[in-house]
Amino acid sequence: MSLLKTHVAKAEKVASNVIYLQIARPEGFSWRTGEFAMLGLKVGEEQVMRCYSIASVGNSETVDFFIANVKGGQLSPKMNALKDGDEVYLDSEVGGMLLADRLEQGGKDLWLFGSGTGVAPFMAVTSDSAIMDRYENVILVHGVRTWDETGYVARMIRRSPKLQVICAVTREPNAMITKRIPDALADGSLQSLAGIQIEKDHSRAMLCGNPGMVKGVRDYLKSLGMVSPRGGNPGQVLVENFWI
Ligand SMILES: Cc1cc2nc3c(=O)[nH]c(=O)nc-3n(C[C@H](O)[C@H](O)[C@H](O)COP(=O)(O)OP(=O)(O)OC[C@H]3O[C@@H](n4cnc5c(N)ncnc54)[C@H](O)[C@@H]3O)c2cc1C
């Protein structure tokens, strides 16, 4: 672990409980689209670091993040109070499961399932033309509780004719989907809305965010024969949990 000192190039509150941070990329820091980094602050004598998915394309000028303010959390409320120019630290080592190259070759539809700030790595994936060029259709499904938590995606995502964004909003009316994502998959309403069916041969999927959503979607995909790559065997599903 090697900590790199850098600063906030831009901080923007994008929802009542989410901050968007553009961090100046320190020398010696590199990543691939879809990876997460350890980002944090010096709090008194203590260095407090947490994992955050990088929302910008690999090796961009800034290292971007969407960070939810977790009530009572040790670090995230402090991250949500950051201003332009504030000092932050990045660990030089990055990692993660959501690397497009890990998906089985082929497939024409890429499904991206993110809950809350679990949408962050998909902001990078959908901005990366090397990944987008591999698929005919990319369907981003964003699960949130309130509308306030999803507006920034529509505003900030890089638009593409092959990309559709579907919001599943569970605690407010008038959403395209008002039930939990796994339930909307199980009854087929999500696929109908997208106008695309999910099937092992032509679908690939990435899942990121809260473990409940991830498990529910993963179980559904497993019922279709879609699994994660393992021990050299190809897989169609990549998974990142924000906590266990
Ligand atoms: C690989 C990975 C990538 C991550 N990427 C992101 C990201 O891009 N954006 C982001 O906001 N968070 C992300 N997280 C979560 C992040 O690492 C922290 O757990 C979160 O910021 C809370 O830290 P804290 O110090 O405030 O809370 P702590 O005092 O450490 O408490 C942690 C607890 O907070 C809860 N928690 C964590 N994240 C959330 C959340 N988003 N919503 C509700 N409850 C939560 C869990 O119960 C967890 O056990 C990621 C986690 C992992 C493992």
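See the structure printed just above.
As the structure is a computational prediction, the values presented were derived from the model and not from experiment.

Q: Describe the side chain of Thr117, listing the residues and the values that go with them.
A: Mapping Thr117 onto the fold places it in the loop between β7 (109-115) and α2 (120-125). Note on Thr117: relative accessible area 11%, which makes it buried. In contact with Thr117, other than residues within four places in its own chain, are Val18, Phe66, Ile67, Ala68, Tyr152 and Phe242.

Q: A description of the packing of aromatic side chains should follow, citing residues and the corresponding values.
A: Taken as a whole, this structure holds 4 aromatic pairs when the rule is applied. Ring centres 5.9 Å apart and planes at 10° place the aromatic pair Trp111 and Phe113 in the stacked group. By relative accessible area, which is 0% here, Trp111 ends up buried. Assessed through its relative accessible area of 0%, Phe113 is described here as buried. An aromatic cluster is present here, built from Tyr20, Phe66 and Tyr152 joined pairwise through their rings.

Q: I'd love a proper account of the site of the ligand, names of residues and values included.
A: Inspection of the region around the ligand gives 20 residues, with Arg50, Cys51, Tyr52, Leu75 and Ser76 positioned closest. Contact distances for the ligand include 2.7 Å between an oxygen atom and a side-chain N or O atom of Tyr52. Within the side chain of Ser76, one N or O atom sits 2.6 Å away from an oxygen atom of the ligand. Here the ligand is seated within the largest pocket. Where the shell around the ligand is concerned, the elements lending two or more residues are β4 (46-53), β5 (62-68), α1 (76-79) and β11 (237-241).

The rules behind the values
Residues numbered from 1 in each chain as written. Predicted model: local features only at pLDDT ≥ 70, side-chain atom pairs only at ≥ 80, totals over all residues. Heavy atoms only, no water. Helix = DSSP H or I, 4+ residues; strand = E, 2+ residues; numbered from the N terminus. Buried < 20%, exposed > 50% of the residue type's maximum accessible area, 1.4 Å probe, protein only. Contact = heavy atoms within 4.5 Å. Phe/Tyr/Trp six-rings, centres within 6.5 Å; stacked < 30°, edge-to-face > 60°. Near = heavy atom within 4 Å. Polar contact = N/O pair within 3.5 Å; in protein donor to acceptor, adjacent residues only side chain to side chain. 1 Å grid on protein atoms, 1.4 Å probe; cavity = no way out; pocket = protein on both sides within 12 Å on 5 of 7 lines; lining within 4 Å. Sits in = over half its atoms within 2 Å of the grid points.

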